[in-house]
Structures are given as C-alpha cells and as structure tokens.
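# Geometric and topological summary
Below, each chain spelled out in residue letters.
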Amino acid sequence: MEVTTITRIVAIAGLILIGILGALQFVAVLRPRSAWTIENVYGGSPDATDPKAYFAFNQGSAWADPFFWAPLQIAGSVGMLLGQRWGFLLALAASVPFWYTAIFFFIWDRDLGFRENTFNYWVFIWGMWPVFGILEGVYCFVRLLE
C-alpha cells in the first residue's frame, strides 16, 4: 500500500499518543497508589468515591494500556509506515479503544464530579483521544477498501 503524507501523520500521531499513554499507565502499574499517579494519571481523588472501586477501575486501564493496547497501536503504526496492509488492519483495531474507553471516562468523570469545564479537560484530558480514534479508524477503513 502507498504510504502517503496522511498515512505518516496518522501513524506518527498514533505512536506519540500511545507512547504518552503507555508510559503514564506503566508508571501506574509500578506505583498504583502514589500521589503522583493519582494526580497525573488517574485524575480525581479516591476520596470522592469508594477508594477500592476507584483503584480497581483505574488499575484495569493501567494494566491493559501498556501491555495490550500499546503493542497493538505500535505494530499498526509501524505497519502503516512500512505500507503493509496488516499495519492498516492493526491500526484500525487499535483505533477502537481510543473512542470506546472515552465513553467510560465521560460517564465516570461526570458521575463522580471529576469533569472540569475547561479547555484543557475537553481537549487534552478527554477530547483528543476519541477524536484521534475516530479519525484513525475511518482513515484505516477507507484505505483498506482500496
């Protein structure tokens, strides 16, 4: 498959986003209850809800992201950059958690009062993930139809 400028942009953006997320979540695996992890990875506060549920919910993502989702996205992005059909297929699969998990966090943050009505929250903390996932998914799907 032809590697276009858009292919490079999508693949590199995927590597950057999953690199950031994977690194943060790996820290959460190593230090799941540290103050830094709570403030910079999980958000909110375990005191705002049942602490056991808070840590269980966040630890699910902490283990899934660096060990399942990140390798899938990395392989997909690399495959896209190599112009391999399997790369676009893996990136299509890896696009789903970007928007799927955003739904969970949208409800979680709303119901627990973690959501902030700020530009930073709506763009960087929540918004860029589902937007990228939808764009990557549509792009890969269209390319696979060629």
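Residues numbered from 1 in each chain as written. Predicted model: local features only at pLDDT ≥ 70, side-chain atom pairs only at ≥ 80, totals over all residues. Heavy atoms only, no water.

## Structural notes on the confidence of the model for the protein chain
Per-residue pLDDT for the protein chain has a mean of 92; in total, 100% of the residues score no lower than 70. Of all helices and strands in the protein chain, the one with the weakest mean pLDDT is helix α5 (residues 119-125) (75), whereas helix α1 (residues 5-30) scores best (97). (pLDDT = per-residue confidence, 0-100. Helix = DSSP H or I, 4+ residues; strand = E, 2+ residues; numbered from the N terminus.)

## So, the nonpolar core
The biggest cluster of nonpolar side chains holds 17 residues, and the ones touching the most others in it are Ile-18, Trp-69, Met-80, Phe-88 and Phe-98. Elements with a minimum of two residues in this core: α1, α3 (51-81), α4 (85-112) and α6 (128-145). If we skip the residues at most four places from it in the chain, Trp-69 touches Ile-18, Leu-21, Ala-64, Ala-94, Pro-97, Phe-98 and Thr-101. (Core = buried A, V, L, I, M, F, W, Y, C linked by side-chain atoms within 4.5 Å. Buried < 20%, exposed > 50% of the residue type's maximum accessible area, 1.4 Å probe, protein only. Contact = heavy atoms within 4.5 Å.)

## Examining α3
Spanning 31 residues, α3 covers 43 Å between terminal C-alpha atoms, matching the ideal 45 Å at 1.5 Å per step. Within α3, the axis deviates most sharply at Asp-65, by approximately 50°, and proline Pro-66 lies no more than four positions further along. (Expected span 1.5 Å × (residues − 1). Bend = angle between axes of the 7 residues up to and from the residue.)

## Quick word on the environment of Asp-65
As for its position among the elements, Asp-65 is in helix α3. As for Asp-65 and Pro-97, which are separated by 32 residues in sequence, their C-alpha atoms are 9.2 Å apart. Ignoring sequence-local partners within four residues, the contact set of Asp-65 consists of Leu-21, Gln-25, Ala-70 and Pro-71. Within the structure, Asp-65 has its side chain in polar contact with the side chain of Gln-25 (distance 3.0 Å). (Polar contact = N/O pair within 3.5 Å; in protein donor to acceptor, adjacent residues only side chain to side chain.)

## Quick notes on the side chain of Asn-58
Tracing the backbone through its elements, the reader meets Asn-58 in helix α3. According to the relative accessible area criterion, Asn-58 is buried, its value standing at 4%. Beyond its immediate sequence surroundings of up to four residues, Asn-58 is in contact with Tyr-42, Phe-105 and Trp-108.

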